[in-house]
Amino acid sequence: MPDQPPEPCLVMVLNGPNLNLLGLREPHIYGHMTLDDIAASLEEQAQRLGIEVDIRQSNHEGHLVDWLQEAGARGALAVLLNAGALTHTSIAIHDAIKGITVPVIEVHLSNPHAREEFRHVSFVARAAKGSISGFGAQSYALALDAAAALRQ
């Protein structure tokens, strides 16, 4: 029997509140790309890397918690998480990250540390494997490369 190619590794890309407004909301901070633009770019990159991406967005904290738990149940390689403003407030998301064995990579378009003081605290970062921020839409691409490197 010939060798079968391995199943692609799953990386879940989870986006929190207001990220559905990318391209419209404060483009001087977040850029002009929409979330759909970023998703299309990630899907192309994932195909080159031999990775399957599952990209989702919700304005509801509980959905993000459920999806993090789902990533654990599905044995995902990694989660790329841009929790939006919930980054700075959600102990529930922090606890969901701590409750799974899947590495979570925190992603931000802007650099939270160069912005308002309340954005300097990240409950996500306290539980995540690492963080990538400040590179606009490229932050997602860098995070996907980091996730792919976890296979090695």
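Residues numbered from 1 in each chain as written. Predicted model: local features only at pLDDT ≥ 70, side-chain atom pairs only at ≥ 80, totals over all residues. Heavy atoms only, no water.

### Here we look at the pattern of salt bridges
Here is step 1: Applying the stated rule across the entire model yields four salt bridges.
Here is step 2: Across the pair D54 and R56 runs a salt bridge, and its minimum N-O distance is 2.9 Å. For the pair D54 and R56, one class covers both residues: buried.
Here is step 3: A salt bridge links E70 to R74, with the shortest nitrogen-to-oxygen separation between them at 3.2 Å. Of the two residues, E70 and R74 both sit in helix α3 (residues 61-74), four residues apart, roughly one turn of that helix.
Here is step 4: With relative accessibility at 27%, the residue E70 sits in the partly exposed group.
Here is step 5: Connected through shared salt-bridge partners, D54, R56, E70 and R74 make up one network. (Salt bridge = Lys/Arg side-chain N within 4 Å of Asp/Glu carboxyl O. Buried < 20%, exposed > 50% of the residue type's maximum accessible area, 1.4 Å probe, protein only. Helix = DSSP H or I, 4+ residues; strand = E, 2+ residues; numbered from the N terminus.)

### Some details on the sheet that holds strand β5 (residues 130-133)
Here is step 1: Within the open sheet, the five strands sit side by side as β2-β1-β3-β4-β5. Their pairing is parallel. In this open sheet, the two edge strands, each paired with only one partner strand, are β2 (51-57) and β5. Neighbour-to-neighbour, the strand axes of this sheet turn through a mean angle of 20°, independent of strand direction.
Here is step 2: Note: strand β3 (residues 78-82) against strand β4 (residues 104-108), three bridges, orientation parallel. The residue of β4 that forms the bridge with L80 is I105.
Here is step 3: Across the sheet, helix α2 (residues 35-49) is in contact with β1 (9-15) and β2; its angle to β2 comes to roughly 165°. (Pairing = 2+ DSSP bridges. Axes fitted to C-alpha atoms, helices over the stretch in contact; angles between N-to-C directions. Contact = heavy atoms within 4.5 Å.)

### Some remarks on unusual backbone geometry
Here is step 1: Its identity as a non-glycine residue notwithstanding, N18 has a phi of 70°, on the positive side.
Here is step 2: Looking at where N18 falls in the secondary structure, it is placed in the loop between β1 and α1 (27-30).

### Quick notes on the confidence of the model for the protein chain
Here is step 1: Counting all residues, the mean pLDDT for the protein chain is 90, and 91% of those residues have values of 70 or more.
Here is step 2: In the model, residues 1-7 has pLDDT below 50 throughout and makes zero contacts with residues more than four positions away in sequence or in other chains. (pLDDT = per-residue confidence, 0-100.)

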